[in-house]
Amino acid sequence: MHIQGSSSLRVDAQRNLEHVLRAAREVFGELGYGAPMEDVARRARVGVGTVYRRFPSKDVLVRRIAEEETARLTEQARAALGQEEEPWSALSRFLRTSVASGAGRLLPPQVLRVGVDADQETAQGAAGTASGSAAGAGAAASGGATSGGASAAAGARVPHQRHAQSGLRLVEQPPAQTDDTARAAEAAGAAGGPGDDTGIGELLDVVGQLVERARAAGELRRDVTVADVLLVIATAAPSLPDAAQQQAAATRLLDILLEGLRSRPVA
């Protein structure tokens, strides 16, 4: 009876792990983090039990993929920041390399919720201020001001796009605020989710430096935030069956989005 050696078992286990990770990147990249583990197992051509032996739960696998992709984006941002002297060149280089790598399809979900959280916070603050002012003016004025504040809050939270798998709501971003990166990091931490503690804070910090440099140079629109830049990375990486078509579509879409980010002289 032939008994397989321990070294061969270790090689097989490592090979299976690589297959599972590669399959998970592909499946989650195509279908989102809502895709079932069975899909990952089928793509890796292993049994679902093999997947669960390495990753006891889906959250553990999602965290592993999110950590790797966040680290890759952070590396790309640091390279652009350190190697490009011109602020706009640095930001556009980061966006192009990130979109080309397809990392946007694997961003941790709570990063894309930053815009929602910040928007709701802004709307709630505005509604609270309006309500407080109205209370001081009398009961009748209070009713009118509260109604107006509610309308403003509703207008600030207009849904822009919905992600079918994860249920994320991507919304119009509010005007740029002071310490944009800190607000984004705080919102991402409060959002929670499988990708917590995956290096998101470091990513937001480096991207924030790219944004601030381009904004200070007058080359980036003043209302563009860190969350907007990450949203560009996520939306400019379409998943199409033909690789050449996908690359062409991503390049064209990013060109259009970059034009939208640039500041324009007032006529």
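Structure report, in brief.

About the criteria used
All residue numbers refer to positions counted from 1 along the written sequence of the respective chain. Local features are withheld for residues below a pLDDT of 70 in this predicted model, meaning they are given only at 70 or higher, and side-chain atom pairs are given and counted only at 80 or more; totals for whole chains, interfaces and linings count all residues. The basis for every side-chain value is the complete set of heavy atoms in the structure, and neither hydrogens nor water enter the calculation. Helix and strand labels come from DSSP, where a helix needs a run of H or I of at least four residues and a strand needs a run of E of at least two; each type is numbered from the N terminus. Residue contacts are defined here by distance: any two heavy atoms, one from each residue, within 4.5 Å place the two residues in contact. All accessible-area figures derive from a Shrake-Rupley calculation using a 1.4 Å probe, and residue coverage is judged against the displayed protein chains alone. Each residue's exposure class comes from its accessible area (1.4 Å probe, protein chains only) as a fraction of the maximum for that residue type: buried when under 20%, exposed when over 50%, partly exposed otherwise. Expected span, for any helix, means 1.5 Å times one less than how many residues it has. The arc under discussion is defined with respect to the helix axis, by the directions toward the C-beta atoms. Throughout, nonpolar core names a set of buried Ala, Val, Leu, Ile, Met, Phe, Trp, Tyr and Cys residues whose side chains join them through atoms within 4.5 Å. Only the stretch in contact is used when a helix axis is fitted, and all axes are lines through C-alpha atoms; the angle between N-to-C directions ranges over 0 to 180 degrees. Our angle categories are set so that under 35 degrees counts as roughly parallel, over 145 as roughly antiparallel, 65 to 115 as roughly perpendicular, and the remainder as oblique. Two helices that cross are described as forming a left-handed crossing if the nearer one is turned anticlockwise from the farther one by less than a right angle, and a right-handed crossing if clockwise.

1. Let's talk about the overall build of the chain
- When helices and strands are counted, the chain shows eleven helices and two strands.
- Sequence separation of 24 or more characterises 69% of the internal contacts of the chain that already satisfy a separation of 6 or more.
- Counting only carbon and sulfur atoms, one obtains 52% of the accessible surface of the chain, whose full area is about 13700 Å².

2. Here we look at unusual backbone geometry
- Despite not being glycine, arginine 45 has its phi angle at roughly 60 degrees, a positive value.
- In this structure, arginine 45 sits in the loop between helix H2 (37-44) and helix H3 (48-54).
- The class of arginine 45 is exposed, set by a relative accessible area of 79%.

3. Describing helix H11 (residues 243-261)
- Helix length check: H11 (19 residues) gives 27 Å between terminal C-alpha atoms against 27 Å at 1.5 Å per residue, within 8%.
- Buried within H11 we find Gln246, Ala250, Leu254, Leu258 and Leu261. The buried residues of H11 occupy an angular sector of 95 degrees when the element is viewed end-on, so they sit on one face. Counted as exposed and oriented over 90 degrees from the buried face of H11: Ala244 and Arg252.
- Contact partners of the buried residues in H11: helix H5 (87-101) and helix H10 (226-235).

4. Examining the nonpolar core
- Residues Phe94, Leu95, Val207 and Leu230 are the most contacted members of the largest nonpolar core, which totals 33 residues.
- Where this core is concerned, the elements lending two or more residues are helix H4 (58-83), H5, helix H9 (200-216), H10 and H11.
- By size, the runner-up hydrophobic cluster in this structure holds 21 residues, among which are Val20, Ala23, Phe28 and Ala44.

5. Focus on the packing of H4 against H9
- Between H4 and H9, the shortest axis-to-axis distance is 9 Å and the interhelical angle comes to 30 degrees. Considered as vectors, H4 and H9 are oriented roughly parallel to each other. Taken as a pair, H4 and H9 cross one another with a handedness that is left-handed. Taken together, the residues of H9 that come into contact with H4 (itself represented by Thr70, Leu73, Thr74, Ala77, Arg78 and Leu81) are Ile200, Glu202, Leu203, Val206, Val207, Gln209, Leu210 and Arg213.

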